[in-house]
Amino acid sequence: MLTDVLTGWTAETLGGLTLLAGTAAWGWLRQRRNQAGPGTAPAIAAGEAVAVRTYTLLGARAADGQPVHLPSSRPAGIRVTWTGPAGKTEQFELTDAVLPDGTYVAERVSAYPEPGTL
């Protein structure tokens, strides 16, 4: 009789622990899957102010020879296209680097060869 009680108790305990571990693992995986990925921009709540940064396009000059400044509210890592005075388009990537004049750096992407094009 004692053997029957211990055997039944052991099976029920192991079954309950297995269900508990499975539920915890499922919840952990679901939480990880629902988190935003590294490349996604954070959502902006309605009425929340968006910071506008002024970017200096490195290596780009306006028709009068002055550096080109681009105001943008987009986050760092975004590529923007700029059309120069001669009609040539170039891509720049916005960064978090700050220049001494207080503007942020937009680095020319087309100055570097794309991987696999050499």
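These figures come from a predicted structure and were not determined experimentally.

(A) Seen up close, the pattern of salt bridges. The tally for this structure, following the rule as stated, stands at two salt bridges. In this structure, Glu90 and Arg108 form a salt bridge, with 3.1 Å as the shortest nitrogen-oxygen distance. Taken as a pair, Glu90 in strand E4 (residues 89-98) and Arg108 in strand E5 (residues 104-108) lie far apart in primary sequence, 18 residues in all. Residue Glu90 is classed as buried on the basis of its relative accessible area, which comes to 9%. When its relative accessible area of 22% is taken as the criterion, Arg108 is described as partly exposed.

(B) Up close: the side chain of Thr103. Locating Thr103 in the fold gives a position in the loop between E4 and E5. Here Asp101 takes part through its side chain, which lies 2.7 Å from a polar atom of the side chain of Thr103. If we ignore the near neighbours within four places in the chain, the residues touching Thr103 are Thr54, Thr56, His69, Ala97 and Val98.

(C) Geometry of the packing of aromatic side chains. Counted under the stated rule, the structure contains two aromatic pairs. Residues Tyr55 and Tyr104 carry aromatic rings whose centres are separated by 5.9 Å and whose planes lie at 50° to one another, so their mutual orientation is tilted. Within this pair, whereas Tyr55 is found in strand E1 (residues 53-61), its partner Tyr104 is found in strand E5, the two being separated by 49 residues in sequence. Its relative accessible area of 22% is what places Tyr104 among the partly exposed residues. Here Trp82 and Phe92 contribute two aromatic rings whose centre-to-centre distance is 6.4 Å and whose plane-to-plane angle is 75°, an arrangement assigned as edge-to-face. With Trp82 in strand E3 (residues 79-83) and Phe92 in strand E4, the pair connects residues that are 10 residues apart, well separated along the chain. As far as burial versus exposure is concerned, Trp82 and Phe92 are alike and both buried. Taking the ring centre of Tyr104 as reference, the NZ or CZ of Arg53 above it sits at 4.1 Å.

(D) Seen up close, the pairing of E1. Pairing between E1 and strand E2 (residues 67-72): six bridges, direction antiparallel. Among the inter-strand pairings, Thr54 is bridged to a residue of E2, identified as Pro71. Count of turn residues in the E1/E2 antiparallel hairpin: five residues, of which Gly65 carries a positive phi of about 90°. Summarising the sheet, E1 and E5 pair through three bridges and their orientation is parallel. Considered in E5, the bridge of Leu57 is made with Ala106.

(E) Just a nonpolar patch on the surface, in detail. Taken together, the side chains of Leu14, Leu17 and Leu20 define a hydrophobic patch exposed on the protein surface, amounting to about 320 Å² of accessible area. When you line up the elements, Leu20 lands in helix H1 (residues 2-34).

(F) Summary view of the sheet that holds E3. Strands sit in the order E2-E1-E5-E4-E3 across an open sheet of five strands; the sheet is mixed. Of all strands in the sheet, those with a lone pairing partner are E2 and E3, marking the two edges. For this sheet the average axis-to-axis angle between neighbouring strands, irrespective of direction, equals 40°.

Thresholds, definitions, all that
Here, residues in each chain are numbered from 1, in the same order as that chain's written sequence. The predicted origin of the model limits local features to residues at a pLDDT of at least 70 and limits the giving and counting of side-chain atom pairs to 80 or more, whereas totals for whole chains, interfaces and linings rest on all residues. Hydrogens and water are ignored here; the side-chain numbers use all heavy atoms of the structure. When a carboxyl oxygen of Asp or Glu lies within 4 Å of a side-chain nitrogen of Lys or Arg, that pair is called a salt bridge. Elements are defined by DSSP. Helices are runs of H or I of four residues or more, strands are runs of E of two residues or more, and each kind is numbered from the N terminus. Relative accessible area decides the class of each residue, using a 1.4 Å probe on protein chains only: under 20% of the type maximum gives buried, over 50% gives exposed, and in between gives partly exposed. Definition of a polar contact: a pair of N or O atoms within 3.5 Å, with one able to donate and the other able to accept a hydrogen when the atoms are protein atoms, and with sequence-neighbouring residues admitted only if both atoms are side-chain atoms. Whether two residues are in contact is decided by their heavy atoms: any pair within 4.5 Å suffices. By convention, a stacked pair of Phe, Tyr or Trp rings (six-membered ring in the case of Trp) has centres within 6.5 Å and planes under 30 degrees apart, an edge-to-face pair has planes over 60 apart, and any other such pair is tilted. Both a distance and an angle decide whether a charge sits over a ring: NZ of Lys or CZ of Arg must be within 6 Å of the ring centre and within 35 degrees of the ring normal. When DSSP finds two or more bridges between a pair of strands, those strands are recorded as paired. In this scheme, patches are assembled from residues that exceed 30% relative accessible area and form no salt bridge. Like charges are connected within 9 Å, while nonpolar side chains (Val, Leu, Ile, Met, Phe, Trp, Tyr) are connected within 5 Å. For the area figures, the Shrake-Rupley method with a 1.4 Å probe applies, and any residue is considered shielded solely by the protein chains shown. Each axis is a line fitted through C-alpha atoms, and for a helix only the stretch in contact is used; angles between axes span 0 to 180 degrees, taken between their N-to-C directions.

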